[in-house]
Amino acid sequence: ISLATKAIGNKIRCARIEDVVGEVGSENVQGEMQHRLDVISNELILRCLGDRDNVGILASEENETPFLLRSREEGGRYAVLFDPLDGSSNVDSSVGVGTIFSVLRLPDGGSREVAMLSPGKDQVAAGYVLYGSSTVLVLTTGNGVDMFVLDQSIGSFVLVTKGIQIPSGNKTYSINEAYTEKFSKEIQQYLEWVHENDYSSRYIGSMVADVHRVLLKGGVFLYPPTKEKPEGKLRLMYEANPMAMVIEQAGGMAVDGSKRILEIEPSGLHERTSVILGSSDQVGAVLQHCS
Ligand code: P6P
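About the thresholds
Residues numbered from 1 in each chain as written. Predicted model: local features only at pLDDT ≥ 70, side-chain atom pairs only at ≥ 80, totals over all residues. Heavy atoms only, no water. Near = heavy atom within 4 Å. Polar contact = N/O pair within 3.5 Å; in protein donor to acceptor, adjacent residues only side chain to side chain. Areas by Shrake-Rupley, 256 points an atom, 1.4 Å probe, with all protein chains shown as cover. Nonpolar A, V, L, I, M, F, W, Y, C, P; charged D, E, K, R; others polar. Buried < 20%, exposed > 50% of the residue type's maximum accessible area, 1.4 Å probe, protein only. Helix = DSSP H or I, 4+ residues; strand = E, 2+ residues; numbered from the N terminus. Pairing = 2+ DSSP bridges. Phe/Tyr/Trp six-rings, centres within 6.5 Å; stacked < 30°, edge-to-face > 60°. Contact = heavy atoms within 4.5 Å. Axes fitted to C-alpha atoms, helices over the stretch in contact; angles between N-to-C directions.

### Here we look at the site of the ligand
Around the ligand, a shell composed of 13 residues is seen, among which Asp86, Tyr179, Tyr203, Met207 and Tyr223 lie nearest. Within the side chain of Tyr179, an N or O atom sits 2.6 Å from an oxygen atom of the ligand. Between the ligand and Lys233 there is a distance of 2.9 Å, counted from an oxygen atom to a side-chain nitrogen or oxygen. Protein contact buries 84% of the 400 Å² of open area that the ligand shows by itself. For the shell around the ligand, the residue count by class is six nonpolar, four polar and three charged.

### Describing the pairing of strand E17 (residues 275-278)
The alternating pattern of E17 places Val275 and Leu277 on one face and Ile276 and Gly278 on the opposite face, and all of these are buried. With three bridges connecting them, strand E15 (residues 253-255) and E17 associate as antiparallel partners. Bridge assignment links Val255 to a residue of E17, and that residue is Ile276.

### Quick look at the packing of aromatic side chains
Evaluated as defined, the whole model comprises five aromatic pairs. Taken together, Tyr173, Tyr190, Trp193 and Tyr199 form an aromatic cluster joined through their ring pairs.

### Side note on the sheet that holds strand E4 (residues 67-68)
The eight strands lie next to each other as E4-E3-E5-E6-E7-E8-E9-E10, forming an open sheet whose pairing is mixed. Each edge of the open sheet is held by one strand with a lone partner, namely E4 and strand E10 (156-161). As judged from the two bridges shared by strand E3 (residues 55-60) and E4, these two strands associate in the antiparallel manner. The partner of Ile57 across the bridge, within E4, is Leu68. Packed on one face of the sheet, helix H2 (residues 36-50) meets E3, E4, strand E5 (78-86) and strand E6 (97-105) and runs near 160° to E5.

Geometric descriptors of this kind do not, in isolation, establish any biological role.
Right, here's the structure in full:
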């Protein structure tokens, strides 16, 4: 993952020079216009991870079906699920975008496809790489959250912070308020409440950048269901679950509005979910209006 994301970071930073910005002209499995950097990023991760002897399954936002590479008997111990370039519609305007990844251990027996659809609480590792003002890797393996920054002079991610704890008390909310009339009345009541209680708003429109700010500074990020997307927009397996593991490991909360995201029983690789995540006090303030 570090090798692939170093290569992706280089591609992003040279995109305009190498003229690989813009759309491919076709849609991905999500029905969204695919960007040329989506395809490049996806290929880089598939190649780097596909060569790892212990990777049994690769599942990408950009591909309808997973790649079944190695059985357990052939050494395939892990499934890696990923969004190769989340927020890619922002990349042409040099806004921070990211790679999100989730790692599940494959059982000795049974169906690999079934094992791949495990709830987020079964993840053995999760994290993201943010291609922003610096290239930041945030990683958890279930024992806290650590942050690494790519040191271009040596070409390696170097550890800069161990055991990140999400701060409480930051009255900042992050949501696309253009959809206010399409949210539930509970979310609309929450928005009225924050407007009357000295909150500030920060919304980048790139999940990795918004969540990274919440992880380091606190506050709450929300992408609730709308009339057009009653199940929510963000994908459970390779966006919400890995981010939820990171946030919980940093002492925060990540819910779908009623329960922990990590306890959702998946029914499909590309299913979507509502996301409310951040510091416990700020997620609690949302839930006071939603329960
Ligand atoms: P909207 C980017 O397209 C993305 O998948 C996430 O990175 C981001 O949080 C969300 O969609 C933004 O969606 O509807 O606010 O443009």
